[in-house]
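Chain by chain, the residues run as shown.
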Amino acid sequence: MKLLACAIACLVFVTPVLADDLSDQVLDVHNRERAEVGAPPLTWSDDLAASSAEWAQHLASLGALQHSGGNAYGENLWMGSTGYYSYSAMAQGWADEKSLFVYGTFPNVSSDGNWANVGHYTQMIWKNTTQVGCAVATGGGWDILVCRYGPPGNWIGEKPF
């Protein structure tokens, strides 16, 4: 009985810490990448995080990724095996796209000619983006990370920074 009480108390305590870990880890990855290109740091948006949470839950119920189609914010999506990746590793997957990035006017920003191969990264470093909010949902053996950005990036005819 003592073990069960401890497990319940520990779960109640850990839940808010995980939310802080998410914002801290995701912001750290984003702002490290932004610093490398001279873009100002992002701040966390609780409103974007709440919006991301709704969409992440929807995607978890589908078991698939699809963009929401809204133009009011930018959006990055990530999906991986449940419990296998840290929040930092999830965001780092987008940052790793920089290996194909070439500085230029969007959409001419990829060494292989396909902007979609660097689009998550360019959204992360887009100079006019000032806020990010993210959430993770789990379903069907998958963790799904949704990050939303305001104002959005990846504008055709503009440079990322």
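Structural notes, computed from the coordinates. (Residues numbered from 1 in each chain as written. Predicted model: local features only at pLDDT ≥ 70, side-chain atom pairs only at ≥ 80, totals over all residues. Heavy atoms only, no water.)

**A few points about the overall build of the protein**
Looking only at helices and strands, the protein features 4 helices and 4 strands. For the protein, the α and β elements follow one another from N to C terminus as α-β-α-β-α-α-β-β. Out of the 161 residues in the protein, the part that is buried amounts to 39%. When contacts within the protein are restricted to residue pairs at least 6 apart in sequence, long-range pairs at least 24 apart make up 68% of them. Here the protein displays about 8400 Å² of accessible surface, and carbon together with sulfur accounts for 59% of that area. (Helix = DSSP H or I, 4+ residues; strand = E, 2+ residues; numbered from the N terminus. Buried < 20%, exposed > 50% of the residue type's maximum accessible area, 1.4 Å probe, protein only. Contact = heavy atoms within 4.5 Å. Areas by Shrake-Rupley, 256 points an atom, 1.4 Å probe, with all protein chains shown as cover.)

**A short note on the pairing of strand β4 (residues 142–150)**
Burial runs high along β4: 8 of the 9 residues are buried. Summarising the sheet, strand β2 (residues 74–81) and β4 pair through 8 bridges and their orientation is antiparallel. Bridge pairing in β4 places N76 opposite C147. Note: strand β3 (residues 131–139) against β4, 9 bridges, orientation antiparallel. Note that in β4 the partner of A135 across the bridge is V146. (Pairing = 2+ DSSP bridges.)

**A few points about the state of the cysteines**
Scanning the model with the defined rule gives 1 disulfide in all. Each sulfur of the disulfide joining C134 and C147 lies 2.0 Å from the other. Handedness of the C134-C147 disulfide follows from its S-S torsion of about 110°: it is right-handed. Remark: C147 occurs in strand β4 and C134 occurs in strand β3; sequence separation between them is 13 residues. Each member of the pair, C134 as well as C147, carries the same accessibility label: buried. (Disulfide = S-S within 2.5 Å.)

**A few points about the nonpolar core**
Within the largest apolar cluster, 24 residues are counted, with the highest numbers of intra-cluster contacts made by W94, M124, V132, L145, C147 and Y149. Elements supplying a minimum of two residues to this core: α1 (2–37), α3 (87–95), α4 (119–125), β3 and β4. With 5 residues, the single largest contributor to this core is α3. In this structure, L77, A137, I144 and V146 belong to the second largest nonpolar core, which totals 8 residues. (Core = buried A, V, L, I, M, F, W, Y, C linked by side-chain atoms within 4.5 Å.)

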